Amino acid sequence: MNHDLSEPVFALVCTVDVVLLTLRDERLQVALLPRDRAPHGGTLALPGGFIHPQTDRDTRDAAERVLRDKAGLRSPHLEQLATFSGPDRDPRGWSVSVVYVALVPATLLAQGHAPVRWHPVDALPPLPFDHTAIVAQAVARVRSKSLYTSLPAHFCGEHFTLPQLQAVYEAVLGEPLNKVSFRRRMEALGLLVPVVGERTGGAHRPAQVWRLV
């Protein structure tokens, strides 16, 4: 390939990063890992890695690989957040990172790798690169979508009751919700279906168990 000598030739750092969120101790928390190499070796950071052009089908495939390899987890919900880029975000040079948000229920955390450190999103340690801004944008996305979707249900596991789901919404949003209004909102969304024959919570007033459509 012939390069136009008038155009500069430079190395481009191209990665994926994953904001892996869960609910622990009734708080929204993010997964961090100590970096195993420079720059910022040993510093806690988001799970991430270089894109493997020979094996990754796309950036989503790369994000799923990063979650498996570095956190030992597969998320029931993974969505692209944004692309972060520029000459100043990485000391190795001009870089591009395609960032994904992943949600995982706390019941699956035991399957993950030991090095994963969970931190409340409102009490983060100092993070390298632009990871603090990335986490803030991811949390804003999740909270915004929680106002009109069933997104927080992915923190619950496969089956849940409406009181359990409301508690999850309140933890994500950071505020109490009216019980009647919450139930009406869930009915209006039409994204939940009852699990036939499954109830929980005692013999007198057992609660219906639900799942996502």
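One can find the structure itself at the top, above this paragraph.
Below or above, wherever it landed, is the structure these notes cover.

How each quantity is defined
Counting starts from 1 at the beginning of each chain's written sequence and moves along it residue by residue. Per-residue local features of the predicted model are confined to residues with pLDDT of at least 70, and side-chain atom pairs are confined, for both listing and counting, to 80 or more; whole-chain, interface and lining totals are unaffected and use all residues. The basis for every side-chain value is the complete set of heavy atoms in the structure, and neither hydrogens nor water enter the calculation. Numbering of helices and strands starts at the N terminus; helices are DSSP runs of H or I of at least 4 residues and strands are runs of E of at least 2. Each residue gets one of three labels from its accessible area relative to the maximum for its type: buried under 20%, exposed over 50%, partly exposed in between, using a 1.4 Å probe on protein chains only. A pocket, in this scheme, is an open set of points on a 1 Å grid over the protein atoms alone with protein on both sides within 12 Å along at least 5 of 7 lines, while a cavity is a set where a 1.4 Å probe fits but cannot get out; residues line either one if an atom lies within 4 Å of a point. Grid points are joined across faces, edges and corners, and a volume is the space filled by probe spheres set on the points. Classes in brief: Ala, Val, Leu, Ile, Met, Phe, Trp, Tyr, Cys and Pro nonpolar; Asp, Glu, Lys and Arg charged; the others, Gly included, polar. Orientation is described by lines fitted to C-alpha atoms, with helices fitted over the stretch in contact, and by angles between N-to-C directions that extend from 0 to 180 degrees. Reported orientations rely on four angle classes, namely roughly parallel under 35 degrees, roughly antiparallel over 145, roughly perpendicular from 65 to 115, and oblique for the rest. Working rule for handedness: look at the near helix, and if it is turned counterclockwise from the far one by less than a right angle, call the crossing left-handed; if clockwise, right-handed. We call two residues in contact whenever any of their non-hydrogen atoms come within 4.5 Å of each other.

### Digging into the side chain of S150
- With respect to the helices and strands, the residue S150 is situated in the loop between α2 (131-146) and β8 (160-161).
- Here S150 falls in the buried class, since its relative accessible area comes to 11%.

### Focus: the layout of surface pockets
- Of the pockets and cavities examined, the largest pocket occupies roughly 540 Å³.
- Every residue lining the largest pocket is counted, 27 residues in all, and those nearest its centre are R35, D36, G48, G49 and K70.
- Counting residues per element, the ones that place at least two in the lining of the largest pocket are β1 (13-24), β2 (27-34), β4 (48-50), α1 (59-71) and β6 (95-103).
- Looking at which element gives the most residues to the lining of the largest pocket, the answer is α1, with 4 residues.
- By residue class, the composition of the lining of the largest pocket is 10 nonpolar, 7 polar and 10 charged.

### As for the packing of α2 against helix α3 (residues 162-173)
- Orientation of α2 relative to α3, taken along the N-to-C sense of each, is 135°, at an axis distance of 9 Å. As the angle between them shows, α2 and α3 are arranged oblique. α2 and α3 meet at a crossing whose hand is left-handed. Of α3, the residues touching α2 (which contributes V142, R143 and S146) are Y169, V172 and L173.
- Considered class by class, the residues forming the contact of α2 with α3 number 4 nonpolar, 1 polar and 1 charged.

### A closer look at the packing of α3 against helix α4 (residues 179-189)
- Two numbers describe how α3 lies on α4: the axes approach to 11 Å, and their chain directions differ by 100°. As summarised for this structure, α3 and α4 are arranged roughly perpendicular, according to the angle between their axes. Along its contact with α3, which presents L162, P163, L165, Q166 and Y169, the element α4 presents K179, F182, R183, R185 and M186.
- Residue composition of the contact of α3 with α4, by class: 6 nonpolar, 1 polar and 3 charged.

So, to be careful, I would describe these as geometric facts and stop short of saying anything about function.
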